[in-house]
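Next come the chains, spelled out residue by residue.
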Amino acid sequence: MMTGEQYVESIRSMKTEIYMFGEKINSAADSPILRPSLNSVKATYDLAEKPEYEDLMTVTSHLTGKKINRFCHIHQSAEDLINKVKMQRLCGQKTAACFQRCVGMDAFNAIYSTTFEVDKKYNTPYFNNFKEYLKMVQEKDLTVDGAMTDPKGDRGLAPSQQSDPDLYLHVVERRADGVVVRGAKSHQTGISNSHEVIVMPTIAMRPEDKDYAISFAVPVDTKGIFMIVGRQSCDTRKLEGGKIDMGNSEFGGMEALVVFDNVFVPNDRIFLNGETDFSGVLVERFAGYHRQSYGGCKVGVGDVLIGAAALIADYNGAAKASHVKDKLIEMTHLNETLYSCGIACSAQGSKTESGNYLIDMLLANVCKQNVTRYPYEIARLAEDIAGGLMVTAPSEKDLRHEKLGPYVEKYLKGVDGVPTEYRLRVLRLIENLTLGAAAVGYRTESMHGAGSPQAQRIMIARQGNIAQKKDLAKAIAKIDKK
Ligand code: SF4
Ligand code: FE
């Protein structure tokens, strides 16, 4: 396994083509805007080295029998699924950001069971390809980005009906030794901090979409791949030199539009190639695992936000007010409800044909549907407790200013014994989580990440079994079944 420092060096040594603000970036490791997001992934390596987290962060590989980071693991039991959620809560607590490495883990588990079933039906070599690939990933302790979301163009048209065929990633050339692909993937979490990218199709497909039913893995610095980093609210505060105004100066997340401009994929790195009837299965499983994930990571970030709200109440001298206490109870209730869903869909997990464990799909979708709502209410209550100073406080430079500093110190002070700087630090953290760079991960990603709310509602409709519920009602009401 790699240490955190080895991980940073390994990313620095890659030739990943990254663009931001119209300029080429040498490495995420040396960009002040991207470095916090790299630190969040680094935390998944650092925590794995700590004896107190060994049971959560590491596990024995079922392929090699060696100790590996849980982020590279294929879940072997419902307990593994539960430990995954617990690990994500821990990482959320330690970073207060998106630590990005889960998308790869969720892709591994979805591809593992799906390729097994594709091979069984079509006698293809994908399961073996994938197992060999995964052994390499586990051995080298790599971070792998799972890339699913295509740009999609006209949402009313299938991939092969788009006026621009590249709006869904597709095969443009078939060779004896592999395929050439073209297209893009949007909102790619952690791509600049990843060694590899696993591409998957984004929707269920029909036979005419054959060239779009493609799944594979390549190194992120493969020729033809480049990324355009997405902006985040308050991102340029990271260039100002201070620490307080960033709210969370050490950790963050990142997303990018990733372009695949005629990228060659060798045969042994292909996990699906034209088997359109399995495209939907792969999408559903990946989405299911990632919807489970949100019952861990967002809860951990929520813990930090609740803690920040409680702290600012202390610093404001409002902690004893009954409505403040009640708001903290409400935030805790909402946060633990999300966790309950993450644990429940894991505990109800079941074995797939390939041998790994899949979450309960209905409960995983209920989990994510709640995540599209509760973090917003938790954020609203945190803002309520914080007060307006959260968005009107002067900058760190004013606090440090020779003339202005003493006035900021004097007039923005709360209770005795707590320096004004502490008050500002906590307010900036709440701002960061609810409105700033981290709000991408805590709010909008809670809405759209792992699929927008309607996607979960479709799955809930499919899995909810209303017909059986009608039978239950009929039996109680003594209505004869017809
Ligand atoms: Fe992991 Fe959560 Fe980020 Fe997804 S949003 S990659 S589950 S931390
Ligand atoms: Fe996400």
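For the structure itself, consult the block above.
The notes below deal with the structure included here. (Residues numbered from 1 in each chain as written. Chains lettered and ligands numbered in written order. Predicted model: local features only at pLDDT ≥ 70, side-chain atom pairs only at ≥ 80, totals over all residues. Heavy atoms only, no water.)

1. Some remarks on the overall build of the chain
Looking only at helices and strands, the chain features 17 helices and 14 strands. Compactness check: the chain gives a C-alpha radius of gyration of 24 Å against a globular reference of 23 Å for 482 residues, within 12% of the reference. By principal-axis analysis of the C-alpha atoms, the chain measures approximately 75 × 70 × 50 Å. Relative to its 482 residues, the chain shows a buried fraction of 56%. Contacts in the chain between residues far apart in sequence, at least 24 positions, make up 77% of those at least 6 positions apart. (Helix = DSSP H or I, 4+ residues; strand = E, 2+ residues; numbered from the N terminus. Rg over C-alpha atoms; globule rule 2.2 N^0.38 Å. Buried < 20%, exposed > 50% of the residue type's maximum accessible area, 1.4 Å probe, protein only. Contact = heavy atoms within 4.5 Å.)

2. Some remarks on the coordination of the iron ion (ligand 2)
Of the protein atoms, only Tyr-294 (OH) and Glu-445 (OE) coordinate the iron ion (ligand 2), at distances of 2.3 to 2.5 Å. Taken as a pair, Tyr-294 in helix H7 (residues 279-316) and Glu-445 in helix H15 (residues 439-448) lie far apart in primary sequence, 151 residues in all. As far as the burial class goes, Tyr-294 and Glu-445 line up, both buried. (Donors = N, O, S within 2.8 Å, 3.2 Å for Na, K, Ca; no water.)

3. Some remarks on the site of ligand 1
Close to ligand 1 lie Cys-98, Phe-99, Gln-100, Cys-102, His-290, Ser-293, Tyr-294, Cys-297, Lys-298 and Glu-445, which account for all nearby residues. The biggest single contributor to the shell around ligand 1 is H7, with five residues. The residue inventory of the shell around ligand 1, partitioned by class, reads five nonpolar, three polar and two charged. Counting the residues that make up the shell around ligand 1, at least three belong to each of domain 1 (4-276) and domain 2 (282-472). (Near = heavy atom within 4 Å. Nonpolar A, V, L, I, M, F, W, Y, C, P; charged D, E, K, R; others polar. Domains from an automatic or database assignment.)

4. Topic: the sheet that holds strand E1 (residues 18-20)
Pairing in this open sheet of six strands is mixed, and the strands run E2-E1-E10-E11-E7-E6 from one edge to the other. Of all the strands in the sheet, just strand E2 (23-25) and strand E6 (170-175) have a single pairing partner and so form its edges. Adjacent strand axes in the sheet meet at a mean angle of 20 degrees when their direction is disregarded. Pairing of strand E10 (residues 225-229) with strand E11 (residues 256-266) involves five bridges; the strand directions are antiparallel. (Pairing = 2+ DSSP bridges. Axes fitted to C-alpha atoms, helices over the stretch in contact; angles between N-to-C directions.)

5. A word on empty space enclosed by the protein
Gaps left between atoms show up when a probe the size of a water molecule is rolled over them. By the definition in use, this model includes five cavities of 30 Å³ or more. In this model, the largest cavity occupies a volume close to 130 Å³. In terms of lining residues, the largest cavity is bounded by 16 residues, among which Cys-234, Lys-238, Met-246, Asn-432 and Ala-437 are the most central. Around the second largest cavity sit 16 residues that line it, and Ala-97, Cys-98, Ala-438, Gly-441 and Tyr-442 are the ones nearest its centre. If you list the elements that add at least two residues to the lining of the second largest cavity, you get H7 and H15. Split into classes, the residues belonging to the lining of the second largest cavity amount to ten nonpolar, four polar and two charged. Each of domain 1 (4-276) and domain 2 (282-472) accounts for three or more of the residues forming the lining of the second largest cavity. (1 Å grid on protein atoms, 1.4 Å probe; cavity = no way out; pocket = protein on both sides within 12 Å on 5 of 7 lines; lining within 4 Å. Points joined across faces, edges and corners; volume = space filled by probe spheres on them.)

6. Concerning the layout of surface pockets
A volume near 180 Å³ is recorded for the second largest pocket. Lining the second largest pocket are Lys-243, Ile-244, Gly-247, Ser-249, Val-304, Ala-308, Leu-311, Arg-425, Val-426 and Leu-429. Counting residues per element, the ones that place at least two in the lining of the second largest pocket are H7 and helix H14 (420-434). Partitioned by chemical class, the residues of the lining of the second largest pocket number six nonpolar, two polar and two charged. The two domains that each donate at least three residues to the lining of the second largest pocket are domain 1 (4-276) and domain 2 (282-472).

7. Here's the deal with the packing of aromatic side chains
Per the counting criterion, the structure on display carries twelve aromatic pairs. Ring geometry for Tyr-168 versus Tyr-212: centroids 6.4 Å apart, planes at 85 degrees, classification edge-to-face. In this pair, Tyr-168 sits in the loop between strand E5 (144-147) and E6 while Tyr-212 sits in the loop between strand E8 (196-199) and strand E9 (214-219), placing the two residues 44 residues apart along the sequence. Feature note: the residues Phe-108, Phe-130, Tyr-133 and Phe-271 constitute an aromatic cluster, connected by ring pairs. Here the basic side chain of Arg-89 rests over the ring of Tyr-339, its NZ or CZ set 4.3 Å away from the ring centre. Lys-298 extends its terminal NZ or CZ atom over the ring of Tyr-294, reaching a point 4.6 Å from the ring centre. (Phe/Tyr/Trp six-rings, centres within 6.5 Å; stacked < 30°, edge-to-face > 60°. Lys NZ or Arg CZ within 6 Å of the ring centre and 35° of its normal.)

8. Description of the nonpolar core
Counting 76 residues, the largest nonpolar core has Phe-130, Val-181, Val-197, Ile-198, Phe-216 and Phe-260 as the members making the most contacts within it. Here this core takes seven residues from helix H5 (residues 102-122), the largest share from any one element. Shared between two domains, this core holds at least three residues of each, these being domain 1 (4-276) and domain 2 (282-472). Ignoring any residue separated from it by four or fewer positions in sequence, one finds Val-181 in contact with Leu-169, His-170, Val-171, Val-172, Ile-214, Phe-216, Phe-260, Asp-261, Asn-262, Val-263 and Val-265. (Core = buried A, V, L, I, M, F, W, Y, C linked by side-chain atoms within 4.5 Å.)

9. As for the pattern of salt bridges
With the rule as written, the count across this model stands at 33 salt bridges. Lys-67 is paired through a salt bridge with Glu-54; the nearest N and O atoms lie 3.1 Å apart. One end of the pair, Lys-67, is in strand E4 (residues 67-69); the other, Glu-54, is in helix H3 (residues 54-57), and 13 residues separate them in sequence. We classify Glu-54 as partly exposed; its relative accessible area is 32%. For Arg-400, the salt bridge goes to Glu-421, with nearest N and O atoms at 3.0 Å. Here Glu-421 lies in helix H14 and Arg-400 lies in helix H12 (residues 396-400), a separation of 21 residues in the sequence. The network of salt bridges with shared partners includes Arg-237, Asp-245, Arg-428 and Glu-431. (Salt bridge = Lys/Arg side-chain N within 4 Å of Asp/Glu carboxyl O.)

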